[in-house]
Amino acid sequence: MLHHVEMNVSDLKESRDFYDFLLPKLGYTLYQEWGKGFSYKYDATYLVFVQTEEKHAETAYHRGHTGLNHLAFHGESRKQIDDLTEKLISRGTTILYKDRHPYAGGNQTYAVFFEDPDRIKLEIVAPE
């Protein structure tokens, strides 16, 4: 069981707005908050978001570099994927692989792929 994932973010306020929108829709609840970060929890696993220290801020994240490529979450249904996709589009969120959506992960995987404010790729997958 994964205990937690901690991610540094370039703009805490922008990331907070984004994840306050997204994570409750996936069953997460706000767990902790402090001046330089916040976290959301689902069961025993939590996600932590911390403001990147200024001395490290010049190098931007890129999923093609060594390290995290993307995070994938379980969705409740295909309808949830469709509804969430529309809401993400209306918020101006970048939807990835539009030409293959919602089967960008393959013909057996119904999902939406998109980017957070730091261009971290996120995926929400409907049950089979």
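Counting secondary structure elements, the chain contains two helices and seven strands. In the chain, the succession of helices and strands from N to C terminus is β-α-β-β-β-β-α-β-β. Its C-alpha radius of gyration of 15 Å places the chain within 12% of the 14 Å reference for a compact globule of 128 residues. For the C-alpha atoms alone, the extent of the chain along its principal axes is close to 45 × 30 × 30 Å. For the chain, the proportion of its 128 residues judged to be buried stands at 40%. Restricting the contact set of the chain to residue pairs at least 6 apart, pairs at least 24 apart contribute 54%. Summing over all exposed atoms, the chain offers an accessible surface of approximately 8,000 Å²; the carbon and sulfur share of this is 48%. Placing the 15 positive and 20 negative side-chain charges of the chain at their respective mean positions leaves the two points 2 Å apart.

Moving on, we get to unusual backbone geometry. For the bond running from His 101 to Pro 102, omega is 5 degrees, close enough to zero to count as cis. Despite not being glycine, Asp 43 shows a phi value in the positive range, around 55 degrees. Note on placement: Asp 43 falls in the loop between β3 (37-42) and β4 (45-51). Its identity as a non-glycine residue notwithstanding, Tyr 97 has a phi of 55 degrees, on the positive side.

Procedures and definitions
- Residues numbered from 1 in each chain as written.
- Predicted model: local features only at pLDDT ≥ 70, side-chain atom pairs only at ≥ 80, totals over all residues.
- Heavy atoms only, no water.
- Helix = DSSP H or I, 4+ residues; strand = E, 2+ residues; numbered from the N terminus.
- Rg over C-alpha atoms; globule rule 2.2 N^0.38 Å.
- Buried < 20%, exposed > 50% of the residue type's maximum accessible area, 1.4 Å probe, protein only.
- Contact = heavy atoms within 4.5 Å.
- Areas by Shrake-Rupley, 256 points an atom, 1.4 Å probe, with all protein chains shown as cover.
- Lys, Arg positive; Asp, Glu negative; His and termini not counted.
- Charge placed at Lys NZ, Arg CZ, Asp CG, Glu CD.

Note that every value here comes from positions in space, so none of it alone points to a role or purpose.
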